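Here's the letter readout for the chains.
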Amino acid sequence: MRFLHTSDWHLGRRFHGEDLIPAQRAFLDHLVTTARTEAVDAILVAGDIYDRAIPSLDAVRLFNRALHQLAELGVPIIMISGNHDSAHRLGVGSGLFARAGIHLRTDPDTCDVPVVLNDPDGPVAVYGIPYLEPSMVRTQLEAEAASHRAVLTAALHKIHADLTNRRPAGTRSVVLAHAFVTSGTGQSEEPRVEESASERDISVGGVAHVGADVFDGIDYVALGHLHGPQKITDRVYYSGSPLPYSFSEAAHTKSVTLVDLTPGTAPAVTPLPCPAPHRLERIQGLLEDLLNDPTHETLKDAWLEVTLTDPALPFEAMARLRRRFPHTLSLKPPQRAFIPAQATDTPTYTERLQDRTELDIACDFITDLRGSAPTPDEHALLQQAVDAARVNELQKETV
């Protein structure tokens, strides 16, 4: 059986002020074309359909267009909600969508209700686990603790129980999940995966990741959340985002993942590149060198992040850069450089906070305010506050 695995569309997201709706529309057209060309049996979309819980009107229109395109393919589409999505909003109409072959899994209660597909080798049960916020679903899933590992383990227990009762025995299984998954157990080691600056922090008590061992016994696991395509184990994969959403992804080759599932062997996985609106490049140096070096001529059409090494921030640096490189999107001033008061290119508050987590910002505030970093106890309290704030935002979607 052949699947096309994708995730992290983030419809409605902008890239340093650039509107990505046209590029996202081109990707969705490419996705539909690829599904037809590769004769896939189903499409798996592993969460973060939208970039925010209340998406823009343009993002909703684009998703509506995509739903019609996908329904016309005549193959099952299985989607889950991610940590950026409002599960309740995304799940509206899921019963009606299922009649058109689009199966939305946004409720943890349905994680053990598979979409059952068949091929000459027998049935394949496809399960969708939406993003699980531990403190909100612990009771619902009867998990042992309010942690990512505990709630995912509880969801997999339900899935394995369903598989055990399926006939014929040995039914193949596919699971979609939206989580930060690493190789091994994920209980003590550092994450051995590639992260990106555009991924929202989902840590609980400072721990964001779980080990791939929670998915033991599943034939293929289609993951979403991390934006770089990567293999975790020979059966657990991230497809990555179809477009770059930060300059930390400049080296990524954006793709969707073609999966051939054959009984008795590990899935055959093939990345298929996605169209790119512009290539991403990061350059650094003295402003005058960057403006006059002929070797940089090829960068005129690239989206650029420029880091200056001048001893002071040059006057109108961004304007001068854009005259040569029209798509300069990010300017990083020299570190510890003197920034003249009249400079018009001083980074904005938003730019200064870019790539910083809520916890980083809170700790920086304490350090700047009193001249010393938070103590371990204070750090733990700040972590609790950040966790509580995230949960409070999610609870607003359910009340």
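Residues numbered from 1 in each chain as written. Predicted model: local features only at pLDDT ≥ 70, side-chain atom pairs only at ≥ 80, totals over all residues. Heavy atoms only, no water.

The protein chain appears in an unreviewed UniProt entry as Nuclease SbcCD subunit D from Streptomyces griseorubens. The UniProt entry for the protein chain carries the following text under Function (unreviewed entry): "SbcCD cleaves DNA hairpin structures. These structures can inhibit DNA replication and are intermediates in certain DNA recombination reactions. The complex acts as a 3'->5' double strand exonuclease that can open hairpins. It also has a 5' single-strand endonuclease activity." You can read under Sequence similarities (unreviewed entry) in the UniProt record for the protein chain the words "Belongs to the SbcD family." (UniProt positions renumbered as here; feature names shortened; annotations may be inferred.)

One pass over the structure, following the stated rule, counts 5 aromatic pairs. Ring geometry for Trp9 against Phe27: centres 6.2 Å apart, planes inclined by 70 degrees, an arrangement best described as edge-to-face. Remark: Phe27 occurs in helix 1 (residues 21-37) and Trp9 occurs in the loop between strand 1 (2-6) and strand 2 (14-15); sequence separation between them is 18 residues. Across this residue pair, the class does not change: Trp9 and Phe27 are buried. Ring geometry for Tyr50 versus Phe63: centroids 5.4 Å apart, planes at 70 degrees, classification edge-to-face. Residue Tyr50 is found in the loop between strand 4 (42-46) and helix 2 (57-71), and its partner Phe63 is found in helix 2; the two are separated by 13 residues along the sequence. Judged by relative accessible area, Tyr50 falls into the buried class, the value being 9%. An aromatic cluster is defined as three or more aromatic residues linked by ring pairs; in this entry it consists of Phe15, Phe247 and Trp303. (Phe/Tyr/Trp six-rings, centres within 6.5 Å; stacked < 30°, edge-to-face > 60°. Helix = DSSP H or I, 4+ residues; strand = E, 2+ residues; numbered from the N terminus. Buried < 20%, exposed > 50% of the residue type's maximum accessible area, 1.4 Å probe, protein only.)

Taken together, the 6 strands give an open sheet; going across it, the order is 6-5-4-1-15-16, and neighbouring strands pair in mixed fashion. Strand pairing shows two members of the sheet lacking a second neighbour, strand 6 (102-105) and strand 16 (268-273), which therefore form its edges. Between one strand axis and the next, the sheet turns through 20 degrees on average, direction left out of account. Across 4 bridges, the pairing between strand 4 and strand 5 (residues 77-80) is parallel. By the bridge assignment, Ile43 is partnered in strand 5 with Ile77. Helix-sheet contacts for helix 1 involve strand 1, strand 4, strand 15 (255-260) and strand 16, and the interaxial angle to strand 1 is about 170 degrees. Along the sheet, helix 2 contacts strand 4, strand 5 and strand 6; its crossing angle with strand 5, the most-contacted strand, is approximately 150 degrees. (Pairing = 2+ DSSP bridges. Axes fitted to C-alpha atoms, helices over the stretch in contact; angles between N-to-C directions. Contact = heavy atoms within 4.5 Å.)

Our focus in this paragraph is helix 2. The first and last C-alpha atoms of helix 2 sit 21 Å apart over 15 residues, in line with the 21 Å expected at 1.5 Å per residue. Taken as a whole, helix 2 has its buried residues at Ala59, Leu62, Phe63, Ala66, Leu67, Gln69 and Leu70. Looking straight down helix 2, one finds that the buried residues subtend no more than 165 degrees of arc, so they occupy a single side. Turned more than 90 degrees away from the buried face of helix 2, the exposed residues are Leu57 and Arg61. Those residues of helix 2 that are buried are in contact with helix 1, strand 4, strand 5, helix 3 (87-91), helix 4 (94-99) and strand 6. (Expected span 1.5 Å × (residues − 1). Arc of directions from axis to C-beta.)

With that settled, the discussion passes to the pattern of salt bridges. Overall, the coordinates contain 16 salt bridges when judged by the stated rule. Two residues, Arg2 and Glu38, come together in a salt bridge whose shortest N-O distance is 3.3 Å. With Arg2 in strand 1 and Glu38 in the loop between helix 1 and strand 4, this residue pair connects regions lying 36 residues apart in the sequence. The exposure class assigned to Arg2 is partly exposed, which follows from its relative accessible area of 23%. (Salt bridge = Lys/Arg side-chain N within 4 Å of Asp/Glu carboxyl O.)

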